[in-house]
Amino acid sequence: MRSSPHDEQFRRTIREWLAANLTGRFAALRDAGGPGREHEAHAERVAWNRHLAAAGWTCLGWPAEHGGRGATLAQQVIFYEEYARSRAPARVGYLGEELLGPTLIAFGTPEQKSRFLPRIAAVEELWCQGYSEPGAGSDLAAVSTAARLVKGEGEAGGQWVITGQKVWTSLAVEADWCFVLARTEPGSKRGAGLSYLLVPMRQPGITVRPIRQLTGTSEFNEVFFDGARTDAGLVVGEVGDGWRVARATLAIERGVATLGQQVGFERELNRLVELARQTGASADPLIRDRLGRAWIGLEAMRAHALRTLAGGAGGSGPSELKLLWSRWHQELGELAMDVQGAPSMAARGAPYDLDDWQRLFLFSRADTIYGGSDEIQRTLIAERALGLPRQARA
Ligand SMILES: Cc1cc2nc3c(=O)[nH]c(=O)nc-3n(C[C@H](O)[C@H](O)[C@H](O)COP(=O)(O)OP(=O)(O)OC[C@H]3O[C@@H](n4cnc5c(N)ncnc54)[C@H](O)[C@@H]3O)c2cc1C
C-alpha cells in the first residue's frame, strides 16, 4: 500500500500526538495490557482510552456522522502502526470499536446507532462478545441460549428474557454490554431462528464467573443468563436473522487491526534477537536459523495482510492470514523458551510470577483457537480457495 504525501502528514500528526500525550501519568502505561495481560492497569488504561477518544483517535474508520474520522484504509494502517510503535497501552474498547460498531453501522436501526455508537467512540461503554457456549464453539450454529419476548414489560414493545450460558467471554467482567447470539424461535435448528441481541451486563439476571487461564490470569469468563432482560428493540437486524448478522461480525473480526498486531510482533521479535545476543544463544546455528525464519514469516505476513485488506487475496485471504499469524506467534513463544534455556522453565516467584516470554509462550497456545481455530481456517481454505467439496456438517 503506497503512502501519499497526505498520508505521511497524517503519520507525523499521530506520531507527534502520541509522543506529546504518552507522558505524565500515562507514561507508565507503555506496553501495558493485551492478550494475557488484560488485567494490567485497567482503570488507567480506560482513562488513557478516553483521552484518545477526546482527541478523536478512536473509531478512525467509522464515518464522521457516527463519531469516527472517515479515515482511509491507508490512514488506519498508519494509525495502528504508529500506535504500536509508540508502545501505547493495549486498547480497552476494541470489541465495541472493531466488532460491534461496524456491525451496527451496517445493520443497526437509527436509534441503535445514536444510542450506542457515540458511547463506544467515547469509551464510555465497554462491550463483550457472547457467541461461544459449552456446546457451540467452532460449530457456532449449535447455539442454545434462548430468548423469549415478554410483552407488557419494560419499553412499549416488551422485553426479551434470556436463559442459557456463554463461555470464553473475553473481558465480560469489565463490560457494560454484551452482543449475544440467542435462539428466539423455540425448536429452530442451526442458523435459523437466531437473533443478535444487545444485552446490558449489569443486572441481576447475569452472573459472570472468571476462568483462570494457563497464564494465571482471568481474561475470559463464563456468563450465565438466568432470566436476564433486554428491551424488545435491542435486536440488531431482523428477529430470526441473527445468524447473518453474527457472521458479518466474524468477517469484520479479521480486520485492519492486524497490522498493529504485527508491529507488536515485530517488537517482540526484535527484543528476542536482543535477548539471544545477551544469553549467547545467537551463536547457536539452529537458533539463528529459527530467528531468520521468524523474520521472513513476519515479512510474508505483512505483505499478505496488506494484500488481504486491499481485497486482493480472494475469499480465503483472512483465513490464510489467521493461520500465518497464529502459527508464527506460537513458534515465536517456543523459540523464546529455547533462547532463554533452562531458566525459562521456572516462574520468577510465587505464586505465579511469569516474565513476558513465559507469558507469551503460554498465552499464544490460544492463538490457534480463538477467532476460528486453525482446523476451521484450513477447512475454509480447502473449500474456498481449492474448491473442494464442502465438509459434512453435523
Ligand atoms: C483467548 C480466547 C478468547 C476468546 N474470547 C471469546 C469471546 O470473547 N467470545 C466468544 O464468544 N468466544 C470467545 N472465545 C471462544 C472461541 O471462539 C472458541 O474457543 C473457538 O471458536 C473454538 O471453539 P471451542 O473452544 O468450543 O472448541 P471446539 O469447537 O470444541 O473445537 C475443539 C477442537 O476440535 C477442532 N474442530 C472442531 N470442529 C472441527 C471441524 N469441523 N473440523 C476439524 N476440526 C474441528 C477444533 O479446531 C479444535 O481443535 C475465546 C477463546 C479463546 C481461546
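The present account deals with the structure reproduced in this document. Worth saying up front: this structure is predicted, and the values here are computed from it rather than measured.

## A closer look at the nonpolar core
- One finds Leu100, Trp127, Phe179, Tyr196 and Leu198 to be the most contacted residues of the largest nonpolar core, which totals 26 residues.
- Contributing elements (two or more residues each) for this core: helix 4 (94–107), helix 5 (110–121), strand 4 (177–183), strand 5 (194–200) and helix 6 (242–253).
- The next biggest cluster of nonpolar side chains, apart from the first, holds 25 residues, and it includes Leu291, Leu306, Leu332 and Val339.

## Digging into the pattern of salt bridges
- If you walk through the whole model with that rule in mind, you get 27 salt bridges.
- The closest approach of N and O atoms between Glu81 and Arg302, which form a salt bridge, is 2.7 Å. One end of the pair, Glu81, is in helix 3 (residues 73–85); the other, Arg302, is in helix 8 (residues 285–309), with 221 residues separating them in the sequence.
- A single salt-bridge network, built from bridges that share partners, covers Glu8, Arg11, Arg15, Glu81, Glu82, Arg85 and Arg302.

## Digging into the state of the cysteines
- Under the definition given, this model contains 0 disulfides.
- Not part of a disulfide, Cys128 finds its nearest cysteine sulfur in Cys178, a span of 3.6 Å.

## A short note on empty space enclosed by the protein
- Inspection of the entire model under this criterion finds 2 cavities of 30 Å³ or more.
- In this structure, the largest cavity occupies an estimated 70 Å³ of space.
- Residue lining of the largest cavity: Asn49, Thr58, Arg91, Gly93, Tyr94, Gly96, Glu97, Ile120, Val123, Glu125, Leu126 and Trp127, and that is the complete set.
- Broken down by element, the residue count for the lining of the largest cavity peaks at 3 residues, all from helix 4.
- Here the lining of the largest cavity is composed, by residue class, of 5 nonpolar, 4 polar and 3 charged.
- The computed volume of the second largest cavity comes to approximately 40 Å³.
- In terms of lining, the second largest cavity is formed by His42, Val92, Leu126, Trp127, Leu171, Glu174 and Ala175.

## Things to note about the pairing of strand 5
- Among the 7 residues that make up strand 5, 6 are buried, leaving the element largely enclosed by the rest of the structure.
- Sheet analysis places strand 4 next to strand 5, joined by 7 bridges and oriented antiparallel. Pairing of Phe179 across the sheet is with Leu198, part of strand 5.
- Here strand 5 runs beside strand 8 (residues 235–236); their pairing, made up of 2 bridges, is antiparallel. Bridge pairing in strand 8 places Tyr196 opposite Val236.

## Focus: the site of the ligand
- Around the ligand there are 16 residues in total, and Ser132, Ser138, Trp168, Ser373 and Glu375 lie nearest to it.
- Separating a nitrogen atom of the ligand from a backbone N or O atom of Gln129 is a distance of 2.8 Å.
- In isolation the ligand has 980 Å² of accessible area, and contact with the protein removes 67% of it.
- Elements that contribute at least two residues to the shell around the ligand include exactly strand 3 (159–170) and helix 11 (374–384).
- Considering each element in turn, the shell around the ligand owes the most residues, 3 residues, to strand 3.
- When its residues are assigned to classes, the shell around the ligand shows 7 nonpolar, 8 polar and 1 charged.

## Overview of the packing of aromatic side chains
- The final tally for this structure, using the stated rule, is 17 aromatic pairs.
- Consider the rings of Phe116 and Trp177, whose centres lie 4.9 Å apart with planes at 80 degrees: the pair is edge-to-face. Of this pair, Phe116 sits in helix 5 while Trp177 sits in strand 4; the two residues are 61 residues apart in sequence, bridging distant segments of the chain. Assigned by exposure class, Phe116 and Trp177 land together as buried.
- Ring geometry for Trp127 versus Phe179: centroids 6.4 Å apart, planes at 40 degrees, classification tilted. Of this pair, Trp127 sits in strand 1 (residues 127–130) while Phe179 sits in strand 4, and the two are 52 residues apart along the sequence.
- When its relative accessible area of 0% is taken as the criterion, Phe179 is described as buried.
- Each residue in the set Phe10, Trp17, Phe26, Trp48, Trp57, Phe79, Tyr80 and Tyr83 is aromatic and connected to the rest through ring pairs, giving one cluster.

## What to know about the side chain of His329
- Relative to the elements of secondary structure, His329 occurs in helix 9 (residues 317–340).
- His329 sits in the buried class, given a relative accessible area of 9%.
- Not counting chain neighbours up to four residues away, the residues in contact with His329 comprise Phe265, Glu268, Leu360, Ser364 and Asp367.

## Concerning the side chain of Glu133
- Relative to the assigned elements, Glu133 resides in the loop between strand 1 and strand 2 (146–150).
- Looking at Glu133, the relative accessible area reads 4%, which means it is buried.
- A polar contact of 2.8 Å, which involves the side chain of Glu133, links it to the side chain of Thr145.
- Those residues within four positions of Glu133 in sequence are excluded, and the remaining contacts are Val143, Ser144, Thr145, Gln165, Lys166, Val167 and Leu181.

## Concerning the environment of Leu269
- Checked against the element boundaries, Leu269 lands in helix 7 (residues 257–279).
- With relative accessibility at 3%, the residue Leu269 sits in the buried group.
- If we skip the residues at most four places from it in the chain, Leu269 touches Leu291, Ala294, Trp295, Leu298, Trp328 and Leu332.

## A look at the packing of helix 1 (residues 5–21) against helix 2 (residues 42–54)
- Running from N to C, helix 1 and helix 2 cross one another at 140 degrees; their axes reach a closest spacing of 12 Å. One finds that helix 1 runs oblique with respect to helix 2. Remark: the crossing between helix 1 and helix 2 carries right-handed chirality. Side by side, helix 1 and helix 2 meet where Trp17, Leu18 and Asn21 of the first sit next to Trp48, His51 and Leu52 of the second.
- Broken down by class, the residue content of the contact of helix 1 with helix 2 amounts to 4 nonpolar, 2 polar and no charged.

Quick notes on the rules
- Within every chain, residues take consecutive numbers counted from 1 along the sequence as written.
- Totals for whole chains, interfaces and linings use all residues, but because this is a predicted model, local features are given only for residues with pLDDT of at least 70 and pairs of side-chain atoms are given and counted only at 80 or more.
- In computing side-chain properties, one takes all heavy atoms of the structure into account and sets aside hydrogens as well as water.
- Side-chain atoms within 4.5 Å link the members of a nonpolar core, which is a set of buried Ala, Val, Leu, Ile, Met, Phe, Trp, Tyr and Cys residues.
- Here's how the labels work: a residue is buried when its accessible area is under 20% of the maximum for its type, exposed when over 50%, partly exposed in between, all with a 1.4 Å probe on protein chains only.
- Secondary structure follows DSSP: runs of H or I at least 4 residues long count as helices, runs of E at least 2 residues long count as strands, and numbering of each begins at the N terminus.
- Definition used for salt bridges: Asp or Glu carboxyl oxygen within 4 Å of a side-chain nitrogen of Lys or Arg.
- Throughout, disulfides are identified as pairs of cysteine sulfur atoms within 2.5 Å of each other.
- Cavities and pockets are defined on a 1 Å grid built over the protein atoms alone: a cavity is a set of grid points where a 1.4 Å probe fits but cannot escape, while a pocket is an open set with protein on both sides within 12 Å along at least five of seven lines, and lining residues are those with an atom within 4 Å of any such point.
- Grid points are joined across faces, edges and corners, and a volume is the space filled by probe spheres set on the points.
- When residue character is reported, Ala, Val, Leu, Ile, Met, Phe, Trp, Tyr, Cys and Pro are called nonpolar, Asp, Glu, Lys and Arg charged, and the others, Gly included, polar.
- In this scheme, strands are said to pair when DSSP sees at least two bridges between them.
- If even one non-hydrogen atom of a residue comes within 4 Å of a molecule or strand, that residue is called near it.
- Polar contacts, as used here, are pairs of N or O atoms within 3.5 Å; protein pairs need one atom able to donate a hydrogen and one able to accept it. Residues neighboring in sequence count only if both atoms are side-chain atoms.
- Accessibility throughout is a Shrake-Rupley quantity obtained with a 1.4 Å probe, and a residue counts as covered only by protein chains that appear here.
- Pairing of aromatic rings covers Phe, Tyr and Trp, the last through its six-membered ring, and needs centres within 6.5 Å; plane angles under 30 degrees mean stacked, over 60 mean edge-to-face, and all others mean tilted.
- Contacts were defined at the residue level, with two residues in contact if any of their heavy atoms lie within 4.5 Å.
- Only C-alpha atoms enter the line fits that serve as axes; for helices the fit covers just the stretch in contact. Angles between N-to-C directions range over 0 to 180 degrees.
- Here the word oblique covers every angle except those under 35 degrees (roughly parallel), over 145 (roughly antiparallel) and from 65 to 115 (roughly perpendicular).
- Handedness of a crossing follows from how the near helix is turned relative to the far one, being left-handed for an anticlockwise turn of less than a right angle and right-handed for a clockwise one.

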